[in-house]
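# Architecture at a glance
Spelled out, the chains give:
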Amino acid sequence: MKSLKVLSFTLLMGLFVGLYSCGSSKEASVGLGLAKEKSPAQIYWEANTKTRAYANGTRLNESVAANIAESDARAKMARSIEVSIRNFMGKFYQDYGKSIVNATESKSVYDVESKNEELTEQVASMVLRNISIAKYDAYLQKNGETTVHLCLEYGGGEDALADAIVNAVLNDEKIKNQLSDAEKEKINQNHAELKKRAFESLSPVK
């Protein structure tokens, strides 16, 4: 499991940090002093925590504060995707891929953990490429520092995220080659159920 965490962080830092300026759809507000109540960005995140990620950062330079907040939010989103993949794959192997598990227990070259890691990378790459800043709030503190609150959002929504997980699994050649004919037929007949399970597996971004 440790490797998955390293993977998600590497994906984040290697592929997606520095996209602060790409959030053309963001709604921004600037104020003086940090209010005691929640920021608009945090409230927006709480309305849908499975496809949104919230974070904040404080520095003298607003751009630096924004980069800190965005990096943190992207890392949170990556960890959420990791958990969602793990949740779904556990259900998938149990109900549709017992031959894969049996082969693994028989010391097959197939490595379930390695496959989970690979699928996590595929889905995380797709999701994080389609993230933008939806809410942005900057507050100038009395000491001269600026606190930035922002909320990132995956534009496809929960349905699209569940689809991405299912498609990544069903289109994977190694998985398809390990499935029995009976399991493949079961999958074909129960695609809607698979998507429902993926939807239920989505992990909130914390």
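The structure presented is a predicted model; accordingly, all values stated were derived computationally and were not measured.

Looking now at the nonpolar core. In this structure, F88, M89, F92, V123 and L150 are the most contacted members of the largest nonpolar core, which totals 46 residues. Secondary structure elements with two or more residues in this core: α2 (40–46), β2 (52–59), α3 (62–95), α5 (112–129), β3 (131–140), β4 (146–154), α6 (157–170) and α9 (191–201). At 12 residues, the largest contribution of residues to this core is made by α3. What F88 contacts, discounting residues up to four positions off in sequence, is I165, V166, V169, L194, R197, A198 and S201.

Time to look at the packing of aromatic side chains. Each aromatic ring pair is described using two quantities: the centre-to-centre distance and the angle formed by the ring planes. The final tally for this structure, using the stated rule, is 3 aromatic pairs. Between W45 and Y54, the aromatic rings sit 6.1 Å apart at their centres with planes inclined by 25°, giving stacked as the arrangement. What makes W45 buried here is its relative accessible area of 16%. Judged by relative accessible area, which is 10%, Y54 ranks as buried.

The interhelical angle for the contact between α3 and α9, taken along N-to-C directions, is 145°, at an axis separation of 8 Å. The way α3 lies across α9 gives a crossing that is right-handed. Residues S84, N87, F88, K91, F92 and D95 of α3 lie in contact with α9, whose contacting residues are L194, R197, A198, E200 and S201. Tallied by class, the residues present in the contact of α3 with α9 amount to 4 nonpolar, 3 polar and 4 charged.

This paragraph deals with the environment of D95. Within the element layout of this structure, D95 appears in helix α3. It is 9.7 Å that separates the C-alpha atoms of D95 and L194, two residues lying 99 residues apart in sequence. Ignoring any residue separated from it by four or fewer positions in sequence, one finds D95 in contact with K186 and R197.

Attention now goes to the pattern of salt bridges. Taken as a whole and judged by the stated rule, the model has 8 salt bridges. Residue E46 is joined to K38 by a salt bridge in which the shortest nitrogen-to-oxygen separation is 2.9 Å. Look at E46 and you get partly exposed, because its relative accessible area is 34%. When its relative accessible area of 45% is taken as the criterion, K38 is described as partly exposed.

Along β4, 9 of the 9 residues are buried, which leaves the element largely enclosed by surrounding structure. Residues T146, V148, L150, L152 and Y154 point to one face of β4 and T147, H149, C151 and E153 to the other, with burial holding for every one of them. The sheet contact formed by β2 and β4 spans 8 bridges and is antiparallel. Looking across to β4, one finds that A53 is bridged to L152. Here β3 pairs with β4 via 9 bridges, running antiparallel. Across the sheet, the residue bridging to K135 is C151, located in β4. Between β3 and β4, which pair antiparallel in sequence order, lie 5 residues; one of them, G144, sits at a positive phi of approximately 95°.

Analysis parameters
Residues numbered from 1 in each chain as written. Predicted model: local features only at pLDDT ≥ 70, side-chain atom pairs only at ≥ 80, totals over all residues. Heavy atoms only, no water. Core = buried A, V, L, I, M, F, W, Y, C linked by side-chain atoms within 4.5 Å. Buried < 20%, exposed > 50% of the residue type's maximum accessible area, 1.4 Å probe, protein only. Helix = DSSP H or I, 4+ residues; strand = E, 2+ residues; numbered from the N terminus. Contact = heavy atoms within 4.5 Å. Phe/Tyr/Trp six-rings, centres within 6.5 Å; stacked < 30°, edge-to-face > 60°. Axes fitted to C-alpha atoms, helices over the stretch in contact; angles between N-to-C directions. Left-handed = near helix turned anticlockwise from the far one by under 90°. Nonpolar A, V, L, I, M, F, W, Y, C, P; charged D, E, K, R; others polar. Salt bridge = Lys/Arg side-chain N within 4 Å of Asp/Glu carboxyl O. Pairing = 2+ DSSP bridges.

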